[in-house]
Every structure is written in structure tokens, then in C-alpha cells.
Amino acid sequence: MERVGAVANDIRTVIAACAGMTSKIVMKPSLPLAVTGTIDTLGTTTMKLRAWVLASTLVLAPLGAWAATPPAASTGTQAALAHQLWSVWGGEVGVRWNRDLAGDVGMRISAPKGALDGLSSRAHERFALRRSGSLAFHVENGYFRGFDDGSLQAEGGYVITLPDGSKIDFSDFRLRSNASDPLILDFVGSDGKAWFYIDRLMYELTHDNKVLDVAAMDMRISAQLAQRIGHPEVAGWAIADVKMVTDVQRSGDGTAALAAVFHWTGDPAPNGGVYETDLFMKSFQMSYTRCQGCTGTAGTGSVVFTPSSTLKNNVNNGTLATTIPGQGEIGTSTALWTSGVPWNQKFTGNKPPYNNDQHPFLIWNLYRTNADGSIEQIGRSGVKHAWLTTNGSCADSTDHDSHVLGRGCSDTYGTGNNDTSSDLGPRSEIIPALGLWGRCGSIYDPDCTLSIHSGGNGPYDQRMIVREQQISPALNTGATYLFESWYIARDDINPYNSMATVTGVPNWTGSTWSPGGGANYKLGPAIDRWVDPANPGTNARSTELANKEGRAKLAVKVTDLGNGTWRYDYAVMNFDFARAVTSGGGSNPDMPDTNTLKVLSNRGFNRFSVALPDGAVVSSTRFSDGDVNAVNDWTVDTASGAVSWNAPTSGNTLDWGTLFSFSLTVNKPPVTGSGELGIAQAGSPAVFTLATLSPSAAATPIAVASVTPASLSFSLNASDSSSAPLVIGNTGAAGSSLSYAIAQASSACSTPSAVSWLSATPVSGSVVDGATATISVSVNSAGLAAGGYAGKLCLTTNDPNQPMIEVPVTLAVNGVSTYTVGGTVNGLVGSGFALKLNDGSALPITTNGAFTFPDNLTANTGYSVTIGTEPANPAQTCTIANSSGTIGSANVTNIVVTCVTGTPTTYTVGGTVSGLVGSGLKLKLNSGSNLPIGADGSFVFSAQLFTGASYAVTITGQPSAPAQTCTVASGSGTIGTASVSNVAVVCTLPDNDSIFTDGFELAP
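Worth saying up front: this structure is predicted, and the values here are computed from it rather than measured.

**Q** Explanation requested: the overall build of the protein chain in the structure shown.
**A** Regarding its fold elements, the protein chain presents eight helices and 72 strands. The C-alpha atoms of the protein chain give a radius of gyration of 42 Å, which is well past the 30 Å a tight globule of 1004 residues would have. Along the longest, intermediate and shortest principal axes, the C-alpha atoms of the protein chain span 125 × 100 × 55 Å. The proportion of buried residues among the 1004 residues of the protein chain is 50%. Across the protein chain, every contact between residues at least 6 apart in sequence was considered, and the portion connecting residues at least 24 apart equals 66%. About 41,300 Å² of surface is accessible on the protein chain, with carbon and sulfur atoms providing 52% of the total. Averaging the coordinates of the 57 positive side-chain charges in the protein chain and doing the same for the 76 negative ones gives two points 6 Å apart.

**Q** How do you make sense of the side chain of S381 when you look at a structure like this?
**A** With respect to the helices and strands, S381 occurs in the loop between β19 (375–380) and β20 (383–385). Since its relative accessible area comes to 4%, S381 is described here as buried. A polar side-chain atom of S381 sits 2.9 Å from the main-chain amide nitrogen of W364. Contacts of S381, omitting those with residues within four sequence positions, involve I363, W364, N365, R427, Q462, R463 and M464.

**Q** Could you clarify how one ought to interpret empty space enclosed by the protein in this entry?
**A** Counted under the stated rule, the structure contains six cavities of 30 Å³ or more. Roughly 50 Å³ of internal volume is contained in the second largest cavity. Along the walls of the second largest cavity sit T277, G340, V341, P342, Y354, Q358, H359, P360, A489 and R490, which together make up its complete lining. Residues of the lining of the second largest cavity, tallied by class, amount to five nonpolar, four polar and one charged.

**Q** Can you walk me through the sheet that holds strand β48 (residues 758–761) in this structure?
**A** Backbone-to-backbone hydrogen bonds join strands into a sheet, with any given pair of strands oriented parallel or antiparallel. Strand order across the open sheet formed by four strands is β44-β46-β50-β48, with antiparallel pairing between neighbours. Of all strands in the sheet, those with a lone pairing partner are β44 (705–708) and β48, marking the two edges. Neighbour to neighbour, the strand axes of the sheet diverge by 25° on average, direction disregarded. Two elements, β44 and strand β46 (residues 721–730), share four bridges in a ladder whose sense is antiparallel. For S706, the partnering residue across the bridge sits in β46 and is G729.

**Q** How should the state of the cysteines be read in this particular structure?
**A** In a disulfide, the sulfur atoms of two cysteines are covalently bonded to one another. Evaluated as defined, the whole model comprises six disulfides. Shown here is the disulfide that connects C291 with C294, its sulfur atoms set 1.3 Å apart.

**Q** Where do I start with the confidence of the model for the protein chain in this structure?
**A** Caution applies to low-pLDDT regions: their predicted coordinates should not be interpreted in detail. With 90% of its residues at a pLDDT of 70 or more, the protein chain has an overall mean of 88. Segment residues 1–82 is flagged for pLDDT under 50; beyond a separation of four residues in sequence, or across chains, it makes 111 contacts in the model. Every residue in residues 993–1004 is under pLDDT 50, and counting partners more than four places away or in other chains gives six contacts.

**Q** Any chance you could explain the pairing of strand β22 (residues 410–413) here in plain terms?
**A** Looking down a regular strand, the side chains alternate between one sheet face and the other. The two faces of β22 match: S410 and T412 on one face and D411 and Y413 on the other face are all buried. Across four bridges, strand β16 (residues 302–313) lies against β22 in antiparallel orientation. Across the sheet, the residue bridging to T310 is T412, located in β22.

**Q** In this structure, what is going on with the pattern of salt bridges? I would like to understand it.
**A** Any two side chains of opposite charge can pair if their charged atoms end up close together. Applying the stated criterion across every chain, the model contains 26 salt bridges. The closest approach of N and O atoms between D218 and R220, which form a salt bridge, is 3.0 Å. K346 is paired through a salt bridge with D423; the nearest N and O atoms lie 3.1 Å apart. Of this pair, K346 sits in the loop between β17 (341–342) and β18 (361–369) while D423 sits in the loop between α6 (415–418) and β23 (424–425), and the two are 77 residues apart along the sequence.

**Q** Looking at this structure, how should I read the sheet that holds strand β8 (residues 157–161)?
**A** Taken in spatial order, the three strands make up an open sheet running β4-β8-β9, and their pairing is antiparallel. With partners counted over all chains shown, the strands left at the sheet margins are β4 (108–109) and β9 (167–171), one partner each.

**Q** So what exactly am I meant to see when it comes to the packing of aromatic side chains here?
**A** Describing an aromatic ring pair means giving the distance of the ring centres and the angle of the ring planes. Counted under the stated rule, the structure contains 39 aromatic pairs. Considering the side-chain rings of W237 and Y288, the 5.7 Å spacing of their centres and the 40° angle between planes classify their relative orientation as tilted. Here Y288 lies in strand β15 (residues 279–292) and W237 lies in the loop between α5 (223–228) and β14 (238–250), a separation of 51 residues in the sequence. Just as W237 is buried, Y288 falls in that class too.

Rules behind the numbers
- Within each chain, residue numbers correspond to sequence positions counted from 1 in written order.
- Only residues with pLDDT of at least 70 are given local features in this predicted model, and only at 80 or more are side-chain atom pairs given and counted; all residues enter the totals for whole chains, interfaces and linings.
- Side-chain figures throughout are based on the complete set of non-hydrogen atoms in the structure, without hydrogens or water.
- Secondary structure follows DSSP: runs of H or I at least 4 residues long count as helices, runs of E at least 2 residues long count as strands, and numbering of each begins at the N terminus.
- Just to be clear, the radius of gyration here is over C-alpha atoms, and the globule rule we use is 2.2 Å times residues to the power 0.38.
- Any residue under 20% of the maximum accessible area for its type is buried, any over 50% is exposed, and the rest in between are partly exposed; the area is computed with a 1.4 Å probe on protein chains only.
- Only heavy atoms enter the contact rule, under which two residues are in contact if any of them lie within 4.5 Å.
- Method for areas: the Shrake-Rupley scheme with a 1.4 Å probe, in which residue coverage is limited to the protein chains shown.
- Only four residue types enter the tally: Lys and Arg on the positive side, Asp and Glu on the negative side; His and the chain ends are excluded.
- In plain terms, the charge of a residue is placed at NZ if it is Lys, CZ if Arg, CG if Asp and CD if Glu.
- What qualifies as a polar contact is a pair of N or O atoms within 3.5 Å, subject to a donor-acceptor requirement within protein and to the restriction that residues adjacent in sequence count only when both atoms come from side chains.
- Think of a 1 Å grid over the protein atoms and nothing else: a 1.4 Å probe that fits but is trapped marks a cavity, an open set flanked by protein within 12 Å on at least five of seven lines marks a pocket, and residues with an atom within 4 Å of a point count as lining.
- Grid points are joined across faces, edges and corners, and a volume is the space filled by probe spheres set on the points.
- When residue character is reported, Ala, Val, Leu, Ile, Met, Phe, Trp, Tyr, Cys and Pro are called nonpolar, Asp, Glu, Lys and Arg charged, and the others, Gly included, polar.
- By this definition, two strands are paired if DSSP reports at least two bridges between them.
- Axes here mean lines fitted to C-alpha atoms, for a helix over just the part in contact, with angles spanning 0 to 180 degrees between N-to-C directions.
- By convention in this document, the label disulfide applies to cysteine sulfur atom pairs within 2.5 Å.
- Each residue carries a pLDDT value, the predictor's own confidence for that position, ranging from 0 to 100.
- Here a salt bridge means any side-chain nitrogen of Lys or Arg lying within 4 Å of a carboxyl oxygen belonging to Asp or Glu.
- Only centres within 6.5 Å qualify two rings of Phe, Tyr or Trp (six-membered ring in Trp) as a pair; their planes then separate them into stacked at under 30 degrees, edge-to-face at over 60, and tilted for everything else.

In C-alpha cells:
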């Protein structure tokens, strides 16, 4: 460590001595790179020194003079564009694998082979890049804007073992330009295949455009690799963070002077205006990162999700224009003139405009909306410290650099970047409404020495962690989910458009939790999607608290439970409210010295309460702080005319970036009222009062129950069942709600008990005033002897004058089980039509629809329905389907009679016989005459049947001499519009028969 520090000091001394000549300080390409990782780890570079700076020799040479000759262009296209394109080689590449995720999908990544000593400051394993081959790229307005051709090869690499035991060798892996996208690199193994690809580049040209520093990139699983490992769902998932520092060997076109004068917030603008900051969240995607102890939908493991977030600066330059299309008013800034946003890496000195290392902070959250309509925040991250901006698609080429976000510029922080332990910190170090970080005393400078420390974060520190049971579909039926990502920037005039949400449906893939969805992108916070402030809907409201200490929102939804009670679901979202307690920072609160600023406390709220009127009865309450730890839950008190939730003395206050949920069920309907938020830190005021919906002091409207009929009576055969409706109404006052619950009793409802043959569904419910509900009352005589039975339905209601209503039910069970025969008639237009049952009395039929013969038949009795008289005026011919059978243990209802006008076409029934060698086979169609069959071949019955008639072919005589068994296939059905010819009769010999064909078969 001392040797490295000495080298660093020597380099600073040389550079200082060469002031004014830095454009001629160049690197000798053959200089060693071994020391770089250690210096990078210590974070001591203060002049954008990168890997090659820590060389033992600095060579003064004319600008552009290099000790090695660049290789020739690899393609004709590149050669043709050599005067335009730039190229790089050498330097180093670093890889920080998410080995947890790799293990989850069955891949094992070897230890690095041939790596340089030490890790980078962001824990990358480092490899030298060969000075052979090159990557060509193009530059626009002084910024790297994409790779065009070529590749770079590392010295060293990895071997990855796949779930099936096969291996992919990434020794001396290559970074190759991707033909489809200039901002993608392929990560190529020894087999020449790109099993991974790299995107979300964070880049800058440094050291007078002599170094291309790509400080962070996401490496993602290709679709081919995802298929190969048996996890197609992980295609595109980020599995590593990659960095690359490489030397420019050829400079091309596109250079431009960086902005010399920036427009900062508060600076005068044309026409008497001022420049203002208004940062937008442009888009984001959530990714699964890792899981600790996860087993699936019934598990209790800890899941980590991480976003890739893209922001964009306001586009306005004196005229209002849309920054984020498709988002309504919130997508357009009210700031006419756009200021630059400082984007400095922590511990890089005092920079304008705030004379500190000011940068934005990124956080992300996860919310669940439950099936009952309530909302909970079930996951929240720490703070991601931003440190570089790539400034893509800028509206002005002269107002930004790598540490200032210009007008209309966008920037993406990828998944791996946001999962970097060295850039994450706790929310407790931030004064969010001011956008200030208390660097002194932070996890990166705990002793206030103004030097950076590692921070001590592990892979589960400062991440957004959600427990498996909080996202399990099986445990949260009907729930929906919202992911939220947002940036905090100093002096941002509208923080609500620097945050956005997407929907997701987390699901267990067998080894990982996929965040799912990612659709329905919308600017603004999650609480505004739960209750829209502009259009809250019935019995809902959203109110904002906004002052110099920060912002919060109180939203409520009230649900009429229909039993004379209402459930109030409140959500309090603390966006950036904190009554901060600090030390240091100097005497100017508007421009504090963040080198000495220490945040001692930044707590938010410690109490939420709503008034309760006289006569209010609270039947239940609920609290959710988003974790699964009941020990730190807020306590609830319903005394003294209010329901009040209070934070425990140990802490767990409602701090910035956090939503807590509160619910109560009470016997009072909603009315405009107020809620109180108590502030955890002493000061004035101690309480904020916000408008909301609260229980009304008005008397609860009284419900009046009516039940029709007053009693029910049934008569059944043995083992039969039946049902009848019971109608419950509410004739009470407007606004009343009748609640009821149903039980049974064998004698009196004062002693309810189950009645085996009696039931009702539903057994409970509610009825608003003027409405009715129908209950289905069922009886079943199974197991009952013949005779009479009596019971009662017992209706408990909230009608104060009828708390119990008894409905007598009687059942008569017949001694002998009898059943009816019937069906339906279709197409009848004539008159005089009649049917007969078992050749009994004629049953006149006058209309289409259902019919039932009046004669009941006992079980196992045969039945046959025939036509008594055909219809006349006009003449019709009717056919009967399902006309005969045997009574079972239920009524017959499937007889179908079809009538057609005039004389309909008739059709025959026939088929084929095969395998017949005996004599005496006889077939029958329906109840007609026998048809003898003497040989194999086709057959046709002489009877003619109408369309719609049913047919059944049966065997009435089996063959003999020799004896055979014949069976019928496709032997029954309904006549359509053609003759039936597919009846198949197959005859076989018994198993003990043998037919000799050549005299050599053995007899059985």
C-alpha cells in the first residue's frame, strides 16, 4: 500500500511539473499495467487517471506519437472510413460476475485465470487487453457514440460449466463489435460464439481523447445460452458488470470542444427568465439479481430485484415542448429554460455550481395492491450514487460534458451498475428535499477524513429485498404489483416526473424469481396509480403535503362491506420529507460545505391518526410497513375519539421514499374529514393535518329485512333432491345495508344445529336499501326413510327489530321411488299432435318446448315413447330420438321430438359384416324385425328413418357351427341428411380354435 501511494504521489508531482504540457504526456504502449488495479481500488486518482497512468515512466513526445504501429483495418468498409473512425487497443477489461445468479440457473463460473493483481474499485476481476487487433468506433460532438468494427482480446479468462456438465471456454475471451447495434459488444469464447452480449455502456473519452473509458456495462445472457442451459426465461438477464479502459490508437473525426459555460439552476435566462432543473425518468426495466435461501412460492427467502433506469433532462429552451411523449401533462416541464444537472462522482472535489461533488441519487421500490384493494410497499432499495453521464440524444451539443447532463440529454444506469456495492449507500445519509448527501460520517467516510472508504457493502446490503411470501401468487391471490424507480436531483422543480412505475407479475421459474411484466409505463409515483389525485373515484381521495422540509401524500379508499361496516384503507407516502438534524456544513445553509456536512438524523413521521365520532365501533385494524417483521410494527390505539398508529420507541419511522399502509373497519360511512401526521423529530410544527375521508358522525341508516316465502315445503322420492329460492330484501332507510348469515336448526333457532337434509347457499351476504338477494335452499332425501321431516333456516340479520328470522322447511319422502318421462319438442307448427308412453293414453302436444308424461314409473321399468297422431294443418312428420330405455334413479328428460312440414326424406341404415364363418347371425334395427346375415359383406335394413330419428343396431342371434362372438361398432346415433352406412359388425372365433392353413401348425 505504501509503495502504491508513493507511486501515485510521484505521478502527481510529475504531472504538476509538466503543467501546460499535458497534451504531450503520452503513454508508452509497452508500459506495465500491474499497479493500476490497486490504485483504482484505493480511489486515489483525482485527475481522471485510468489504467495506463500508473506507469513507471512518462514519455514526452509529440502529440499522437506512439511506440507501436496500429494494425490495418479489418474490412474494406473500415479502411474506407479510416479518416473518420477512431480505434482503440490495449489497456484492460474488468468483469464482475453475479455468481449468485449464475448458480441459480445452474452455471458454475471458474476462478479467473491470468487475471491482473487486485480488483477494481467496483470489484471487477481485471485482465490485460492485447495490443493486437482493435475496436473501431465513431465520435460525435466529442463523445463516443458506438463501435463500428473489430475486436479486442483479453489475456486470461474463465471456464463456465453448464448444468449438463459441458463447458464453454472463455480463456482469452474477446470483446467484438456487434453487427446489429453499435452500442453492443459480443462477449466471445474460444469457440468463436457470442454466448453473452454487452450493453448499457457508461463511457467517456478522457486524457485529451487518448483513452476510452467504458466504466460500466451490463453483460447479458444470450437467447442461445438460455436455451442451452434449460432456462429460456433468462434470455437477456444481466449476469455481469463489465468495465474497459483502452487506449486510443487512431483519432478520427467528431471531436469538439467541451462546453465551457454551463447553464445552472437560477442563472438568468433570456427574456427575464431563469434556468431551472427538471429531471425526467424516461424508462426503466426490473431484473432479478440474486436470492438468499429461496425455495419458491412457499418459501421465506430474500429476493433482490435491480433496475436498469434511463433518465432524460428537460428539452425546453424558451418554448414548452414535450420531454416524455404519451404521458400527458406530466411529460412536459413547466420550466421554460433548462439548466444542466451536475453529475460528479463522490469524493472528486468541489465542483460547480454547488462547490461540492453534487450528483443525483437513484432509489427503487416495489408495491403490492391486494385483492381487497389495499396497497403495501413490500420492497425498497438503498441509494445509488450516480457518477457519470453519457449524454445521449442531446438537444444542444455545447451545454454538457461527462459530468453535466445537458438539455434533452438522456443517460442509462444499467442493472450491473445499480448493483455495484461501492456506489450504494443508506437513505439515512441523504437530506432528500435539498438533494444533499452528508458525506462526513457516511459509510464511505465514517471518520470524516475526506478520503473514501470501501463502504463495507455485501451483495445483500442497500439492495431492494423482498421476501418470497410477499410475492408468492399462491399466498397473494388476486394481487397486482408495481415497480417504481426514481431520481433525486438537487433543485428539481418537479420530483414527480423523475419517478415512474411499471407493472409486473413476479413468478417462480423453478430456480429464480422473474419480475415479470414491465409493461404499462407511467410517469409519477405508485400511490398516484392507486388513487389518482385528479380523478380519485367514489369514496377515495389523495392529498399532498408540500413545504420546504419535503413532500408526502395521504391517500384513502373506502369500501362498503355491505354489513353495516366500512373498511378505510389509508396509504401515507413520504416522498422526500425529513426534518434533518445535521452538524458541520458551514454557516451558509443554501450552499453547505458537504465535505463537513454530517446527517445525524433525517427521520420523517412517527404517527398517523384519524378522528372517530361518537358511536363508532372499530371492529378491526391493520398496519403494514412492508416487511415481515412484526416486532417493529406500529401500535394502534382506538381510545380518546381517534384511531392512532404510533411508531415504536425503537424507531421504524416513516422516512423518505417509503409508504406505510393503515386500515380500519368501522360502523360509520365516510365523510370529508382529516388525518394527522406526527413528525418524529422535535420542532415546529409538531403535526401536519391533511384532508381525507374519515368515519362520519351521522347515525348509521337502519336496515329492515323482508323474507319471501315465509316457509318452504318439498315432496321427494327416496334418494331424490330439489331446491327452491328464498328472497331476502332490504326495505330500510336510504344508505342502509342489510347483512345476514344463515344457519339451520332441527327445532328452534335459539339452539342452531346442522340438519343433514337441508342446506342453503350463499350462507351470508348483504343487501343495499331497495334491493334483494336470492338464496338457493336445497333438500336431499338420500338415506331418509319414507315419512315427514321438519327443520328451520335461521337468518341472523342486523335489522334491530328482526335480529333472528326463522323460516320453517318441511320435507315429505315418498315410500316408493317413481320417476317421470319427458323431453322437448322442436319444429311443431301443426295441430292435433299427440305422444304415447308405453302405448298408454295419448298426451296432446300443442307447442314447442318441454313436455312430461303424467304417469310416473318405478325404477327398472322399461319405457317407450311413440307418436299417437301426426300434426295436421299443415301436415307434418315427427321423429323421436332417445325414445326408449329403462328407468334408473332419476327422471328421464332427454327425449327429443323433431317435426318437419310435409313428407320428409327418409334414409336407410346399413354397414358391413366381417369375420363371419358360422351361421345364424341376426341383426335388428331399433325394435324392428330381425335381419339374417349369411356371409361377410354389406347389409342394409329395409326400414326407412326420418332425419332426427334415433337408431340402434343390435345383435339378436350369434353365429354357430362354429360358434362365434360378434360385436357392433358405430351402431347407434341420430339420422342426419344421409343414409347411415358405417355400422361395423365384427365376428371372431373363440381363442381355443385353430384353422390349419399348411398342415404344419401345432394344434392347441
